[in-house]
Amino acid sequence: MMMTLLVLKSRIKTFYEKHYRIIRGILRGLLVFFALMLITSQMNYSDMLGQLYVTVPLSLVCCLAPDIVSAGAVFLAFWWEIFSAVPMMGIFVLFIIVIYFLLLGKIERGQAYVILLIPILSMLRLGCVVPIAAALFVSPAMLPAMLMGILLQFTMSGATEYVKASAGTAELARTENLLLPFTYIIDYLRHNGKLIVTVLAFAVTFICIYLLRRASFKYASQIAILVGTLVLLFIELFANIILDLDINSLEFTLQALTAMLIAYVLQFFRITLDYHGTRKLQFEDDEYYYYVTAIPKYKVAVVDKTVTRIVPDEMEEALDLKEELEKTLEEEDKEADFGR
């Protein structure tokens, strides 16, 4: 069974590297299309955004555009849905996101993807995939982005709750008290116990997996995924009992186990497909231990490259003998020229 998986892994690697740009573009477009349809189906406050004549061309553009354009398109869809429902909440979300990226945007690359993944996967009841899987690939510098993603997720929930609560008086609330939606979302976030528990559970799970997967013992990443999933389950279910958060224990357990399986699949293909990161390898033979750090070429400047040639002792002796012979021949040639 394992041999079959390794063969499949190798074939996928070869095919992926051969058609890297095409596959990545197609997947990017499909993911954007799926995300847009998911957002509009869950919120559906904008009549225009859910139409195929908008989502299909936008997804095709994202196939050819850089990744950041795709992330921007999905975020604009989120923002437009919130703004269409409650304009003041849309302004609040935009203000928070802009402030966040101005302050912390340069700390770590890829923060936008983590911020967007949490609300998108939460719509599929798989938001707990993010702390488990992200800890395998990124550093704790990504924690603020994860917390911002949780805030965006609960802001969307708050907008939905506000629309339901003010179904009959929405226009009156907007005209007489423009700050009412703003104060509502602040109170909703401040008094939401599930938000606090989610932040705590995701942060602790991320840190546990990150520390364990960096350990030097065998199968560190696999053990880290298992331990992190158990930690996440314990925090969420314990808080559900103590704080009465109305979390379906069976449903959440199934979600966490599904997230664990997804993390194991990602970990299995990690070394094969993710060939842009630094890799630390350790192996041994009968005489030596080898510790190798492999760094992608694009990360190393030309002036910083140093190549060390390592040869067996026999080769070194042969090279020394060759050098001595060459020196002897040079001296004999010089003496011959001097005699002439």
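Heads up: the structure comes first, above all this text.
In short, a report on the structure. Keep in mind it's a predicted model, so treat the numbers as computed, not measured.

Reading the values: the criteria
- Residues numbered from 1 in each chain as written.
- Predicted model: local features only at pLDDT ≥ 70, side-chain atom pairs only at ≥ 80, totals over all residues.
- Heavy atoms only, no water.
- Helix = DSSP H or I, 4+ residues; strand = E, 2+ residues; numbered from the N terminus.
- Buried < 20%, exposed > 50% of the residue type's maximum accessible area, 1.4 Å probe, protein only.
- Areas by Shrake-Rupley, 256 points an atom, 1.4 Å probe, with all protein chains shown as cover.
- Phe/Tyr/Trp six-rings, centres within 6.5 Å; stacked < 30°, edge-to-face > 60°.
- Contact = heavy atoms within 4.5 Å.
- Patch = residues over 30% accessible without salt bridge, like charges linked within 9 Å, V, L, I, M, F, W, Y side chains within 5 Å.
- Salt bridge = Lys/Arg side-chain N within 4 Å of Asp/Glu carboxyl O.

To continue, consider the overall build of the chain. Scanning the chain for helices and strands turns up 14 helices and two strands. Counting the 340 residues in the chain, one finds 35% classified as buried. Counting only carbon and sulfur atoms, one obtains 66% of the accessible surface of the chain, whose full area is about 21900 Å².

Turning next to the packing of aromatic side chains. The description of an aromatic ring pair rests on the distance of the ring centres and on the angle between the ring planes. A complete count under the given rule lists eight aromatic pairs for this structure. With 6.2 Å between their ring centres and 45° between their planes, Trp-79 and Trp-80 make a pair best called tilted. When its relative accessible area of 18% is taken as the criterion, Trp-79 is described as buried. For Trp-80, a relative accessible area of 32% puts it in the partly exposed group. Pairing Tyr-184 with Tyr-188 gives two aromatic rings, centres 6.5 Å apart and planes at 15°, and the pair type is stacked. Here Tyr-188 and Tyr-184 lie together in helix 10 (residues 180-190), a separation of four residues that amounts to about one turn. Within the aromatic cluster, the residues linked to one another by ring pairs are Trp-79, Trp-80 and Phe-83.

What follows covers the environment of Leu-104. With respect to the secondary-structure elements, Leu-104 resides in helix 5 (residues 87-104). The exposure class of Leu-104 is partly exposed, given its relative accessible area of 27%. Not counting residues up to four positions away in its chain, the partners in contact with Leu-104 are Gln-111 and Pro-144.

This next bit is on a nonpolar patch on the surface. A grouping of Leu-94, Phe-95, Val-98, Ile-99, Leu-102 and Leu-103 is seen on the molecular surface, where their side chains present a nonpolar patch of about 600 Å² in accessible area. On the basis of relative accessibility, which here comes to 65%, the residue Leu-103 falls in the exposed class.

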